[in-house]
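# Understanding the architecture of this molecule
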Amino acid sequence: MSNSIQLKIENKVAYITLNRPEVFNSFNREMALSLQSILDDCETNTDVRAIVLTGNGKAFCAGQDLKEVTDPDLNPGFKKILEEHYNPIITRIRNIKKPVIAAVNGVAAGAGANITLACDIVVAHEKVSFIQAFSLIGLVPDSAGTFFLPRLIGFQKALALAMLGDKISAGEAEKMGMIYKCVSTEEFEETINNLAFKLANMPTKALGFIKELFNKSMTNDLDAQLALESKLQIEAAQSEDYAEGVAAFIEKRKPNFKGN
């Protein structure tokens, strides 16, 4: 496995850690391709029912490693970086039929910030900051930042953050609806583990359907969304976990979901 990505599977949770702390976990080609490969493995691994994405050291991810794009011997070019690195990461996070938690342990800037926004649930501790840093070096937001950010916090606020490159604290991010929760530094690890464990023991198929519904709601009209809800509800009602959930409710016991 690549040294730039660490993977630990425990209690049905895959913990994926970006591991280039010396450059604040900024992406180079090797790390981007490794992350894609690990996400693919997690999707097909039946022992994995939830995914946590985090960073090693002081940062979650500082975005693109600028050394790679300024060194003539390394530079893959922005076309390749976007089409082969970041865009496939975003589509994998959104399409994998398992919940993905961004455990934001430190600064998330540029593409690093926007990768968190593509995750299903984002939790950060109180010392974290988010920065749409692109305009500060003459670039535009990528990694679906212009898609998710205005939908999360509104057009005007998102446009201002993208243009100005303001640093936003985790507390501010929670208040504006950018992230799910900001917690104290002391509570961060326990909060992530409890949340991941809870999701890993929920009906995985239903969670995947919920994710699909919210993905499609971004572009569907009302009639199309109602039709998709009906389709997926019928499929969910045929799952083993639905039968277990109903039986547990009637029997007044805790359900034992298997993810089927």
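Read on for a plain summary of the structure. Keep in mind the model is a prediction, meaning the values are calculated, not measured.

Our next topic: the pattern of salt bridges. In the structure shown here, the tally under the stated rule is 11 salt bridges. The salt bridge partner of Arg29 is Glu84, with a shortest N-O separation of 2.9 Å. Of the two residues, Arg29 is situated in helix α1 (residues 29-44) and Glu84 in helix α3 (residues 78-95); the sequence distance between them amounts to 55 residues. Take Arg29: its relative accessible area is 28%, and that puts it in the partly exposed class. On the basis of relative accessible area, Glu84 is assigned to the partly exposed category, the value being 33%. Taking the shortest distance from any N to any O, the salt bridge between Asp40 and Arg92 comes out at 2.9 Å. Of this pair, Asp40 sits in helix α1 while Arg92 sits in helix α3, and the two are 52 residues apart along the sequence. Judged by relative accessible area, which is 30%, Asp40 ranks as partly exposed. Residue Arg92 is classed as partly exposed on the basis of its relative accessible area of 25%.

All right, on to a negative patch on the surface then. A cluster of like negative charges, contributed by Glu126, Glu186, Glu187 and Glu190, occupies part of the molecular surface. Residue placement: Glu186 occurs in the loop between β10 (181-183) and α8 (188-200). Judged by its relative accessible area of 67%, Glu186 falls in the exposed class.

What links the strands of a sheet is backbone hydrogen bonding, and the strands pair in either a parallel or an antiparallel sense. Strand order across the open sheet formed by 6 strands is β1-β2-β3-β5-β7-β10, with mixed pairing between neighbours. The open sheet has two edge strands with one neighbour each: β1 (5-10) and β10. Averaged over all pairs of adjacent strands, the angle between their axes in this sheet comes to 20°, without regard to strand direction. Pairing analysis gives 4 bridges linking strand β5 (residues 100-104) to strand β7 (residues 121-125), with the strands arranged parallel. By the bridge assignment for β7, Val104 is matched with Ala124.

Okay, the packing of α1 against α3 next. Put simply, α1 and α3 touch, their axes get as near as 10 Å, and they point 25° apart. Taken together, the axes of α1 and α3 are roughly parallel relative to one another. In this structure, α1 meets α3 at a crossing whose hand is left-handed. Facing Arg29, Ala32, Leu33, Leu35, Gln36, Leu39, Asp40 and Glu43 of α1, the residues of α3 in contact are Lys80, Glu84, His85, Pro88, Ile89, Arg92, Ile93 and Asn95. Partitioning the contact of α1 with α3 into residue classes produces 7 nonpolar, 3 polar and 6 charged.

Looking now at the side chain of Arg94. Note on placement: Arg94 falls in helix α3. A residue is classified by how much of its surface remains accessible, and Arg94, at 13% relative accessible area, is buried. Here Asp120 takes part through its side chain, which lies 2.7 Å from a polar atom of the side chain of Arg94. Discounting chain neighbours no more than four positions away, the residues touching Arg94 are Ala118, Cys119, Asp120, Phe148, Lys211 and Asn215.

It is worth spelling out the pairing of β1 at this point. Side-chain positions along a regular strand alternate between the two faces of the sheet. Note that β1 and strand β2 (residues 13-18) share 6 bridges and pair antiparallel. Paired with Gln6 across the strands is Thr17, a residue of β2. The turn joining β1 and β2, which pair antiparallel and follow one another in sequence, is formed by 2 residues; a positive phi near 55° is taken by Asn11.

The rules behind each value
Residues numbered from 1 in each chain as written. Predicted model: local features only at pLDDT ≥ 70, side-chain atom pairs only at ≥ 80, totals over all residues. Heavy atoms only, no water. Salt bridge = Lys/Arg side-chain N within 4 Å of Asp/Glu carboxyl O. Helix = DSSP H or I, 4+ residues; strand = E, 2+ residues; numbered from the N terminus. Buried < 20%, exposed > 50% of the residue type's maximum accessible area, 1.4 Å probe, protein only. Patch = residues over 30% accessible without salt bridge, like charges linked within 9 Å, V, L, I, M, F, W, Y side chains within 5 Å. Areas by Shrake-Rupley, 256 points an atom, 1.4 Å probe, with all protein chains shown as cover. Lys, Arg positive; Asp, Glu negative; His and termini not counted. Charge placed at Lys NZ, Arg CZ, Asp CG, Glu CD. Pairing = 2+ DSSP bridges. Axes fitted to C-alpha atoms, helices over the stretch in contact; angles between N-to-C directions. Parallel < 35°, antiparallel > 145°, perpendicular 65-115°, else oblique. Left-handed = near helix turned anticlockwise from the far one by under 90°. Contact = heavy atoms within 4.5 Å. Nonpolar A, V, L, I, M, F, W, Y, C, P; charged D, E, K, R; others polar. Polar contact = N/O pair within 3.5 Å; in protein donor to acceptor, adjacent residues only side chain to side chain.

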